[in-house]
Amino acid sequence: MRLILPQIVETWLSRPTVSKIISFGVIGLGNTLIDLAIFTLAYQVLKLPLVPANVIAWLVAVSCSYVMNTMITFRAESGRVLRRKDYLSFVASGVLGVIATTTTLVVLSHFMPVYAAKLLAILVSFIVNFTMSHFVVFRTKPTDPNEASR
């Protein structure tokens, strides 16, 4: 069993999508800390209401996420070049994530402590944001000009 486990892990890690999920997740952990720090500052220190505090935290975290994912996770697709169009596309696709996370946060905050709801909302956001990044923002561009018109 010990000899099989490393082979299984190596096989899974060699798959591009799995590697991207792991990279996206690690970057997401860093952005989660950024999100939580900004949210705490806005919500507790600045005494902003729940939704504005969450949106501000999201804006900072999504900007950091775009830079890190462009340079690391989706480097092959992006060429490690930061582009305004790609950033705006990343932010636009992230709007679905912020809607999902804010809705989750507001609903769950009625049933559990705000920070527990915030952590679950971040998990929902991870799922939505990876899906949008992988299939929409950083999708592999067709190399054949005839495919681009389809």
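Residues numbered from 1 in each chain as written. Predicted model: local features only at pLDDT ≥ 70, side-chain atom pairs only at ≥ 80, totals over all residues. Heavy atoms only, no water.

## A few points about the packing of helix α2 (residues 16-45) against helix α6 (residues 114-137)
Okay, so step 1: At a minimum axis separation of 10 Å, α2 and α6 run at an interaxial angle of 140°. By the angle class used here, α2 and α6 are oblique. Relative to α6, α2 is oriented so that their crossing is right-handed. Each of T17, K20, I21, F24, G25, T32, D35, L36, F39, T40, Y43 and Q44 in α2 lies in contact with α6, whose residues at this interface are V114, Y115, K118, L119, I122, F126, N129, F130, S133 and H134.
Okay, so step 2: Tallied by class, residues from the contact of α2 with α6 come to 11 nonpolar, 8 polar and 3 charged. (Axes fitted to C-alpha atoms, helices over the stretch in contact; angles between N-to-C directions. Helix = DSSP H or I, 4+ residues; strand = E, 2+ residues; numbered from the N terminus. Parallel < 35°, antiparallel > 145°, perpendicular 65-115°, else oblique. Left-handed = near helix turned anticlockwise from the far one by under 90°. Contact = heavy atoms within 4.5 Å. Nonpolar A, V, L, I, M, F, W, Y, C, P; charged D, E, K, R; others polar.)

## A closer look at the environment of V51
Okay, so step 1: One can find V51 in helix α3 (residues 50-73).
Okay, so step 2: Along the primary structure V51 and V106 are separated by 55 residues, whereas in three dimensions their C-alpha atoms are 7.9 Å apart.
Okay, so step 3: Ignoring anything within four residues of it in the chain, the contact list for V51 reads T102 and V106.

## Regarding the packing of aromatic side chains
Okay, so step 1: A complete count under the given rule lists 9 aromatic pairs for this structure.
Okay, so step 2: With a centroid separation of 5.4 Å and an interplanar angle of 70°, the aromatic rings of Y66 and Y87 are classed as edge-to-face. A residue pair is termed long-range when its members are at least 10 positions apart, and Y66 in helix α3 and Y87 in helix α5 (residues 84-108) qualify at 21 residues.
Okay, so step 3: For the pair F74 and F138, a centre-to-centre distance of 4.5 Å together with 5° between the ring planes defines the contact as stacked. With F74 in the loop between α3 and α4 (75-78) and F138 in the loop between α6 and α7 (145-148), the pair connects residues that are 64 residues apart, well separated along the chain. Accessibility classification places F74 together with F138 in one group, the buried group. (Phe/Tyr/Trp six-rings, centres within 6.5 Å; stacked < 30°, edge-to-face > 60°. Buried < 20%, exposed > 50% of the residue type's maximum accessible area, 1.4 Å probe, protein only.)

## Examining α3
Okay, so step 1: Taken together, the buried positions of α3 are L50, A53, N54, A57, W58, A61, V62, S65, Y66, N69, T70 and T73.
Okay, so step 2: Here the buried face of α3 lies against α2, α4, α5 and α6.

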